[in-house]
Amino acid sequence: METQLSVGNVSLSFGGTLALHDVSLDVHAGEILAIIGPNGAGKTSLVNCISGFYRPDRGSIAFEGRDIVRMPAHRIARLGIGRTFQNIALYTGLSTLDNLMAARHIHMRYGLLKSVLYWGPAHREEIEHRRAVEEIIRFLEIEHIRKAVVGALPHGLRKRVELGRALALEPRLLLLDEPMTGMNVEEKEDMARFILDVHELRRTTIVLIEHDMGFVMDIADRVVVLDFGSTIAEGAPHDIRNNPEVIRAYLGQQERTMSAWYSAEPAHADHRDRTS
Amino acid sequence: MTQPVTLPQYWLEKVRQYRGRNKVSARQKDLGIWQRYTWDDEYEQVRDFGLGLIEMGLQRGDRVAILGDNDRQHLWAVFGAMAVGGVVAGVFTDSTPPEVEYIVGHSDALFVLAGDQEQCDKLLSIRDRVPLVRRVIYWDERGMWSYNDPWLVDYRAVQALGRQAIEREPGRFDQLVAEGKPDDPVMFCYTSGTTGQPKGVKLSHANFIGGALSLGTMDRWSDTDNQLSFLPLAWIAGAALDIAPHVVYGTILNFAESPQTVQANIREIAPDTLVYTPRLWETLVSTIRARMLDSAWINRLMYRAFMPVGYRVADYHFQKKPVPPLWRLLYWLGARAVFQPLLSQFGLHKVRVTYTSGAALSPDAIRFFRAMGLPLRQIYGSTEICGGSIAHRPDDIKFESLGRPMPGYDARITPDGEILLTGPGLFLGYHKSLEATESAIYTDETGRRWFRTGDAGHMDADGHVIYFERVKDLIELASGDRYSPQYIEGRLKFSPYIGHAMTFGDKAHNTVTAIITIDFENVGRWAEKNGLPYTTYTDLAQKPQVYALIRKDVEEVNRTLPPPARVRRFVLLHKEFDADEGEMTRTRKLRRSLLTERYADILHALYSDRPNVQVRATVKYRDGRQSAIDTVLRIESLEAVAPAGAWSVKR
């Protein structure tokens with residue numbers, strides 16, 4: 001299978017904390033790859049490195065044969081890597097339509113002068129982009145919120161708009177950072193269906209970070225497991241499910257997070273709020 | 001061609017009338033832009049699809065089940081199947097796979113039209129249990145790319161088959177249309193089936209045409225009328241009010257972009273006809289009122305100035321009195337300054353035919369819309385009578401009634417209070433159930449056949465039919481007469497001054513009585529306005545003036561009732577019914593048995609000739625303390641009471 005994205009020995013640290021340690025992985029063209037791992041394993045850091053939000057300290061990242069390690073995020077987007085964010089990052093003051101149109105920006109050819117005149121080519125181009133956006137709106141079944149301001153939408157719909165914006169880039173590689181957090185079962189099923197449809201219809205390669213193991217096992221072709229910044233397992237979903245290393249990482253981590261959570265809880269925060 | 005007698009023949013006549021004239025038949029949004037489809041487009045779509053079904057083996061009388069949202073392909077598929085002699089069985093889009101299985105199986109459908117991937121998946125999941133189904137046809141290809149199952153066929157592939165057939169036999173389609181007979185079944189409409197399994201109601205071409213012609217006698221329907229098709233087409237209302245008028249009058253059907261965009265689409269289309277449920281109309285009243293509160297001061301000022309004018313003129317209309325010229329002038333101004341602009345915000349400024357159906361709509365909402373210039377009218381019917389059969393005429397609206405029988409229809413009330421209906425829409429029978437058909441049909445002395453609705457009602461002196469509730473929920477009195485608690489209580493609660501009401505009557509008593517609680521806020525405001533001092537809820541409720549106020553409302557409801565079912569005596573309770581004390585459920589439904597027990601003394605007094613009753617109320621405070629309050633409650637009698645003997649209650 002053709003390798004579309006190749007990550008080689010990437011390391012990233014924040015001060016003394018090592019977020020990624022010699023991570024290597026290959027993403028094949030046309031697959032759905034899930035990256036899983038306990039909290040703080042470095043999943044989002046890895047996606048941020050790929051999409052150019054972070055610059056790794058060491059290592060190489062190549063997309064379709066081109067080195068993208070030192071490339072700014074907007075150029076990576078233009079190359080064909082689209083992404084969504086764990087904490088939704090939309091223009092909350094704009095409508096769904098405007099959010100998607102903004103994403104088309106990287107495909108717009110006309111310059112400032114032409115767009116001010118808004119005549120002939122610029123106008124025609126705008127119509128073309130609007131058509132592309134409307135197709136995404138229909139695809140994601142968000143016609144009813146086309147003109148709604150994104151800030152006023154419920155969480156599940158915002159997640160869908162965010163996927164729409166990533167699709168508006170027409171990416172060949174789509175990075176989805178926890179697309180199903182905070183959703184109910186029905187919304188998750190819808191989202192899973194959209195992800196599979198995108199994959200099927202556009203042959204888009206998808207890299208997915210997700211916590212809901214049920215969905216990961218259902219839709220992923222391949223799973224990579226990260227823990228403490230390193231790859232600890234890689235393989236087909238059913239192999240990963242029974243991998244003792246993975247089970248240990250998850251269960252062990254769970255205990256740690258529970259205790260960490262208890263100790264981190266500011267016991268008097270509530271009280272202080274009320275008296276101040 | 002001779003006089004059309006089937007739906008496809010009417011349809012074909014319209015096709016010929018509009019041929020080459022670029023006349024719009026349907027509109028639907030595509031990628032956010034309204035696209036228009038002409039009658040020529042519709043003809044080709046319908047013909048190709050219908051012949052495609054024939055090519056796939058459909059024969060006259062075979063059933064085709066359809067489940068999908070309302071859209072143009074749905075409409076074309078329905079007409080295509082009907083045109084070549086197929087019988088359409090509609091299935092609601094939100095049906096579960098077992099429900100789909102029941103209807104597809106019961107109707108012996110050979111083909112199933114499943115709109116999209118979601119519906120196709122339902123069919124795939126029940127595939128083993130519907131062995132008769134030869135093919136499942138879908139028209140929305142989204143998500144269907146990876147299905148490689150020959151059982152599933154694309155709508156366009158069926159049409160391609162149809163086009164091949166035309167090349168072979170150009171006259172085939174018109175011939176198939178001409179072969180239809182008016183009494184052939186054309187649709188199986190499955191009733192919701194609150195009791196047992198749904199029943200397949202067989203309806204003929206003549207049923208639908210008769211219904212549409214009757215609608216057109218009451219209101220002018222024309223081929224420039226825009227309708228927004230959002231009622232499910234599997235439901236009789238959708239079929240009778242969207243499909244039938246489209247073929248009989250050539251109305252333009254507009255399809256909502258998605259079920260969630262109906263409101264926005266109504267605003268864009270500004271339909272000429274609109275059927276809403278009471279719930280939707282009432283939501284609209286509160287939306288309009290809320291929007292006015294947020295509006296600019298000048299708008300609020302105009303609204304406040306002209307709404308009373310609207311109400312005054314509305315009341316003239318309801319009382320069937322001529323509107324004096326001054327009020328007419330003021331109303332004309334109000335319509336231009338406030339009502340029309342406001343309605344246009346909701347796409348309602350062009351609506352001519354406005355029906356409400358399904359349940360009682362509050363007089364408040366009816367008056368509100370009449371004041372704005374929209375005469376909301378009740379329409380009542382059932383699947384077995386092919387849609388509407390009783391409706392209000394625009395100039396003859398009574399809040400409490402369903403209206404009068406539509407032109408060509410008749411209604412009568414049996415001695416035990418059941419509403420019977422007959423007319424051109426009377427169904428052919430239930431599919432595969434002769435027994436149910438026989439028990440649903442009543443043949444009168446002249447041999448005329450009537451449908452037993454199972455609804456209890458009353459016909460007043462003006463021929464208006466008033467609906468009470470289901471016959472089986474009526475309560476029988478000692479005299480053998482029956483009365484409807486739900487109707488009386490529901491009507492009483494429409495009064496702003498009444499909080500709750502519980503009627504009482506049973507086999508031991510000859511009459512109906514009621515315990516009523518006042519709406520403290522509204523009655524309190526009324527008391528302040530009328531200079532009536534009061535201290536507590538109990539004090540206010542026992543004022544003679546308040547009794548007189550409530551008495552008027554009770555009399556108003558009594559006026560709509562047959563004499564034995566009227567409320568003869570009532571008491572205003574010293575407190576409100578309280579959910580904390582278990583008197584009501586949390587959803588504010590009365591707990592009858594508990595109330596009957598708790599207020600046994602009051603009920604006893606209501607069935608005596610005493611003018612009042614003493615009650616001792618135990619009040620439980622939040623901290624657990626209890627105390628008792630003694631109160632004397634007045635009892636109001638509405639008419640001279642019958643001899644005391646009839647009222648006696650054995651203690």
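Residues numbered from 1 in each chain as written. Chains lettered and ligands numbered in written order. Predicted model: local features only at pLDDT ≥ 70, side-chain atom pairs only at ≥ 80, totals over all residues.

*Asks:* Quick question: what am I supposed to make of the overall build of chain B here?
*Replies:* Of regular secondary structure, chain B possesses 21 helices and 29 strands. Taken over C-alpha atoms, the radius of gyration comes to 28 Å for chain B, in line with the 26 Å a tight globule of 651 residues would show. Counting only C-alpha atoms, chain B reaches 90 × 60 × 55 Å along its principal axes. Every one of the 651 residues in chain B was classed for burial, and the buried ones make up 43%. Within chain B, contacts between residues at least 6 apart in sequence are counted, and of these 64% link residues at least 24 apart. (Helix = DSSP H or I, 4+ residues; strand = E, 2+ residues; numbered from the N terminus. Rg over C-alpha atoms; globule rule 2.2 N^0.38 Å. Buried ≥ 20, exposed ≤ 12 C-beta atoms within 10 Å, placed from the backbone. Contact = placed C-beta atoms within 7 Å.)

*Asks:* Explain the overall build of chain A here, please?
*Replies:* Scanning chain A for helices and strands turns up eleven helices and ten strands. Per-residue burial for chain A yields a buried fraction of 36% across its 276 residues.

*Asks:* Got a minute to help me understand the environment of B:Asp462 in this structure?
*Replies:* Looking at the secondary structure, you find B:Asp462 in the loop between strand E21 (449–459) and strand E22 (465–470). Here the alpha-carbon distance between B:Asp462 and B:Gly403, two residues 59 residues apart in the chain, equals 9.8 Å.

*Asks:* Mind showing me how you'd approach the interface of chain A and chain B here?
*Replies:* The accessible area lost on association of the parts is a frequent measure of interface size. The interface of chain A with chain B comprises 13 residues on the first partner and ten residues on the second. Those elements giving two or more residues to the side of chain A that touches chain B turn out to be helix H5 (121–139) and helix H7 (185–202) of chain A. When residues in the side of chain A that touches chain B are grouped by element, the largest group, six residues, is from H5(A). Tallied by class, residues from the side of chain A that touches chain B come to three nonpolar, one polar and nine charged. (Nonpolar A, V, L, I, M, F, W, Y, C, P; charged D, E, K, R; others polar.)

*Asks:* Whenever I open this one, the sheet that holds strand E27 (residues 567–572) of chain B confuses me. Can you help?
*Replies:* Strand pairing within a sheet occurs via backbone hydrogen bonds; the two strands may be parallel or antiparallel. All names here are of chain B. In space, the five strands of this open sheet follow the order E25-E26-E27-E29-E28, with mixed pairing throughout. The open sheet terminates on both sides in strands that have one partner only, identified here as strand E25 (498–504) and strand E28 (612–620). Neighbour-to-neighbour, the strand axes of the sheet open up by a mean angle of 25 degrees, direction not taken into account. Taken together, the five bridges between strand E26 (residues 512–518) and E27 define a ladder with parallel strand orientation. Looking at E27, one finds that Ile515 is bridged to Val571. (Pairing = 2+ DSSP bridges. Axes fitted to C-alpha atoms, helices over the stretch in contact; angles between N-to-C directions.)

*Asks:* Sorry, what's going on with the domain arrangement of chain B here?
*Replies:* All names here are of chain B. Looking at the assigned domains, one finds that chain B contains domain 1 (7–13 + 42–266), domain 2 (275–470) and domain 3 (474–647). Taken over C-alpha atoms, the centre of domain 2 sits 29 Å from the centre of domain 3. Going through the elements one at a time, E21 and E22 are the ones with two or more residues in the side of domain 2 that touches domain 3. Sorting elements by how many residues they give to the side of domain 2 that touches domain 3 places E22 first, with three residues. Partitioning the side of domain 2 that touches domain 3 into residue classes produces five nonpolar, three polar and four charged. (Domains from an automatic or database assignment.)

*Asks:* Help me out: how do you make sense of the sheet that holds strand E10 (residues 230–235) of chain A in this one?
*Replies:* Residues and elements named next belong to chain A. Taken together, six strands build an open sheet; the order of strands is E6-E7-E8-E3-E9-E10 and the sheet is mixed. Single-partner strands in this sheet number two, and they are strand E6 (81–84) and E10. With direction set aside, neighbouring strand axes in the sheet form an average angle of 15 degrees. Bridging between strand E3 (residues 32–36) and strand E9 (residues 222–227) involves four bridges; their strand directions are parallel.

*Asks:* Which parts of the structure should I look at to understand helix H3 (residues 96–103) of chain A?
*Replies:* Quick reminder: α-helices carry 3.6 residues per turn. Residues three or four places apart thus point the same way. Residue and element names in this part refer to chain A. Residues of H3 that are buried: Thr96, Leu97, Asn99, Leu100 and Ala103. The buried residues of H3 occupy an angular sector of 165 degrees when the element is viewed end-on, so they sit on one face. Looking at the packing, one finds that the buried side of H3 touches H5 and helix H6 (155–168). (Arc of directions from axis to C-beta.)

*Asks:* Please explain the nonpolar core as it appears in this structure.
*Replies:* Among the nonpolar cores identified, the biggest contains 169 residues, and B:Ala65, B:Val78, B:Val88 and B:Ile516 are the most heavily contacted of them. For this core, the element with the most residues is helix H9 (residues 236–249) of chain B, which contributes nine residues. Excluding residues within four positions of it along the chain, B:Val78 makes contact with B:Ile66, B:Val88, B:Leu233 and B:Ile243. The next biggest cluster of nonpolar side chains, apart from the first, holds 63 residues, and it includes A:Val27, A:Leu33, A:Ile36 and A:Ile81. (Core = buried A, V, L, I, M, F, W, Y, C linked by C-beta atoms within 7 Å.)

*Asks:* Please clarify how helix H3 (residues 72–83) of chain B should be interpreted in this entry.
*Replies:* Residues and elements named next belong to chain B. If you check H3, its first and last C-alpha atoms are 16 Å apart, about what twelve residues at 1.5 Å a residue would give, namely 16 Å. Turning to H3, its buried residues are Arg72, Gln73, His74, Leu75, Trp76, Ala77, Val78, Phe79, Gly80, Ala81, Met82 and Ala83. Positive phi appears at Gly85, one or two residues downstream of H3, with a value of about 100 degrees. (Expected span 1.5 Å × (residues − 1).)

*Asks:* Looking at this structure, I do not really get the pairing of strand E4 (residues 87–90) of chain B. What am I missing?
*Replies:* Two faces belong to every sheet, and in a regular strand the side chains alternate between them. Residue and element names in this part refer to chain B. Alternating residues of E4 divide into Val87 and Ala89 and Val88 and Gly90, and every residue in both groups is buried. By the bridge criterion, four bridges tie strand E3 (residues 63–67) to E4 in an arrangement that is parallel. Paired with Val64 across the strands is Val88, a residue of E4. At this point the chain moves from E3, through H3, to the parallel E4, and the crossover so formed is right-handed. (Right-handed = clockwise from strand over helix to strand, strands pointing away.)

*Asks:* Got a minute to help me understand the confidence of the model for chain B in this structure?
*Replies:* Detail in the predicted coordinates should be disregarded across regions flagged by low pLDDT. All names here are of chain B. Here chain B averages 90 in pLDDT, while 98% of its residues score no lower than 70. Segment residues 640–651: pLDDT under 50, and ten contacts once partners within four positions in sequence are set aside and those in other chains are kept. Model confidence for the complex is summarised by a pTM of 0.82, with the ipTM given as 0.70. (pLDDT = per-residue confidence, 0-100.)

*Asks:* Just checking my understanding: could you explain the pairing of E25(B) for this structure?
*Replies:* Residues and elements named next belong to chain B. Most of E25 is tucked away, with seven of its seven residues classed as buried. With six bridges joining them, E25 and E26 adopt antiparallel strand pairing. Looking across to E26, one finds that Thr503 is bridged to Ala514.

*Asks:* What is the right way to read the environment of A:Ala233 from this model?
*Replies:* Examined against the element boundaries, A:Ala233 turns out to sit in strand E10. A:Ala233 sits in the partly exposed class, given 18 other C-beta atoms within 10 Å.

*Asks:* In this structure, what is going on with unusual backbone geometry? I would like to understand it.
*Replies:* Glycine aside, residues mostly have negative phi, and peptide bonds are mostly found in the trans state. Residues and elements named next belong to chain A. Here the phi dihedral of Glu64 falls at roughly 50 degrees; this positive angle occurs in a residue that is not glycine. One can find Glu64 in the loop between strand E4 (58–63) and strand E5 (66–67). You will see that Glu178, though not glycine, has its phi angle at about 50 degrees, which is positive. As for its position among the elements, Glu178 is in the loop between strand E7 (173–177) and H7.

*Asks:* Can you walk me through the packing of H5(A) against H6(A) in this structure?
*Replies:* Two measures define how a pair of helices packs: the angle their axes make with one another and the distance between the axes. All names here are of chain A. Remark: H5 packs on H6, axes separated minimally by 10 Å, with the N-to-C direction vectors making an angle of 140 degrees. The orientation of H5 relative to H6 falls into the category oblique. Taken as a pair, H5 and H6 cross one another with a handedness that is right-handed. Contact residues: H5 offers Ala132, Val133 and Ile136, while H6 offers Gly164, Leu167 and Ala168. Looking at the contact of H5 with H6 residue by residue, the classes come out as five nonpolar, one polar and no charged. (Parallel < 35°, antiparallel > 145°, perpendicular 65-115°, else oblique. Left-handed = near helix turned anticlockwise from the far one by under 90°.)

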